[in-house]
Amino acid sequence: MEQHYKLFRVRELADNDESFIAALAEAFLEEVPEDAERLKKAVADKNYQEAYQAAHKMKPTIDLFELGVLDTLIEVQDWGGKFTKKELDVTGQLNTVITAVDSAVAEIKADFNL
């Protein structure tokens with residue numbers, strides 16, 4: 001439990017209300033994998049604006065569940081941001097984020113029986 005994510009800030013936000021914590025975990029599972037797929041596709045297609053939007057949308061949840069890849073996600077976001085960095089290859093950073101998301105998803109599913 002809580003190897004690939006942390007619930008400290010979630011518990012604080014939920015004031016230790018277990019049903020609210022479970023609802024936040026469900027929301028994580030509904031949104032983050034979908035956004036991660038969107039981000040993977042955007043990076044592969046070099047769709048900078050879509051990559052920026054997907055990464056930007058993921059940031060608060062990645063931060064709240066403390067996946068440990070917020071700075072890396074910001075690098076991917078900045079690649080597609082208003083100062084598009086076409087010369088950079090963010091594949092490594094993307095893979096780090098996706099691995100963290102996949103690990104957290106599997107662990108949250110198991111921990112919350114979802």
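Residues numbered from 1 in each chain as written. Predicted model: local features only at pLDDT ≥ 70, side-chain atom pairs only at ≥ 80, totals over all residues. Heavy atoms only, no water.

### Examining the nonpolar core
Here comes step 1: Counting 37 residues, the largest nonpolar core has Phe28, Leu39, Met58, Phe65, Leu67 and Val101 as its most contacted members.
Here comes step 2: Counting residues per element, the ones that place at least two in this core are helix H1 (8–14), helix H2 (18–44), helix H3 (48–64), helix H4 (70–80) and helix H5 (91–111).
Here comes step 3: If one sorts the elements of this core by residue count, H2 sits on top with 10 residues.
Here comes step 4: Once residues lying within four places of it in the same chain are set aside, the contact partners of Val101 are Val32, Ala36, Met58, Ile62 and Leu67. (Core = buried A, V, L, I, M, F, W, Y, C linked by side-chain atoms within 4.5 Å. Buried < 20%, exposed > 50% of the residue type's maximum accessible area, 1.4 Å probe, protein only. Helix = DSSP H or I, 4+ residues; strand = E, 2+ residues; numbered from the N terminus. Contact = heavy atoms within 4.5 Å.)

### With respect to the side chain of Lys59
Here comes step 1: With respect to the element layout, Lys59 can be found in helix H3.
Here comes step 2: Within the buried core, Lys59 has no salt-bridge partner, and the shortest N-O distance to an opposite charge, that of Asp78, equals 6.6 Å.
Here comes step 3: Apart from residues lying up to four places away in sequence, Lys59 is in contact with Leu70, Leu73, Ile74 and Gln77. (Lys, Arg positive; Asp, Glu negative; His and termini not counted. Salt bridge = Lys/Arg side-chain N within 4 Å of Asp/Glu carboxyl O.)

### Some details on the packing of aromatic side chains
Here comes step 1: As enumerated under the stated definition, the model contains three aromatic pairs in all.
Here comes step 2: A centroid spacing of 6.4 Å and a plane angle of 50° characterise the contact between Tyr5 and Phe65, whose relative ring orientation is tilted. Here the residue Tyr5 occupies a position in the segment before H1, and Phe65 occupies one in the loop between H3 and H4, the gap between them amounting to 60 residues. In terms of burial, Tyr5 and Phe65 fall into one category: buried.
Here comes step 3: Here the aromatic cluster, defined as three or more aromatic residues joined through ring pairs, consists of Tyr5, Phe28 and Phe65. (Phe/Tyr/Trp six-rings, centres within 6.5 Å; stacked < 30°, edge-to-face > 60°.)

### A closer look at the UniProt feature "modified residue: Phosphohistidine" (unreviewed entry) in the chain
Here comes step 1: Taking the numbering used here, the UniProt-annotated feature "modified residue: Phosphohistidine" (unreviewed entry) corresponds to His56.
Here comes step 2: For His56, the position within the fold is in helix H3.
Here comes step 3: You can call His56 partly exposed: its relative accessible area is 40%. (UniProt positions renumbered as here; feature names shortened; annotations may be inferred.)

### Focus on the UniProt feature "domain: HPt" (unreviewed entry) in the chain
Here comes step 1: Per the UniProt record, "domain: HPt" (unreviewed entry) is annotated on residues 17–114.
Here comes step 2: Helix makes up 78% of residues 17–114 and strand 0%, with an end-to-end C-alpha separation of 18 Å.

### Overview of a negative patch on the surface
Here comes step 1: Side chains of Glu26, Glu30, Glu31 and Glu34 sit close together on the surface and give a patch of like negative charge.
Here comes step 2: By the element assignment, Glu34 lies in helix H2.
Here comes step 3: According to the relative accessible area criterion, Glu34 is exposed, its value standing at 57%. (Patch = residues over 30% accessible without salt bridge, like charges linked within 9 Å, V, L, I, M, F, W, Y side chains within 5 Å. Areas by Shrake-Rupley, 256 points an atom, 1.4 Å probe, with all protein chains shown as cover. Charge placed at Lys NZ, Arg CZ, Asp CG, Glu CD.)

### With respect to the environment of Tyr5
Here comes step 1: Tyr5 gets classed as buried once you look at its relative accessible area, which sits at 0%.
Here comes step 2: Along the primary structure Tyr5 and Ser103 are separated by 98 residues, whereas in three dimensions their C-alpha atoms are 8.5 Å apart.
Here comes step 3: Excluding residues within four positions of it along the chain, Tyr5 makes contact with Phe65, Glu66, Leu67, Ala104, Glu107, Ile108, Asp111 and Phe112.
Here comes step 4: At 2.6 Å, the side chain of Tyr5 and the side chain of Asp111 are in polar contact. (Polar contact = N/O pair within 3.5 Å; in protein donor to acceptor, adjacent residues only side chain to side chain.)

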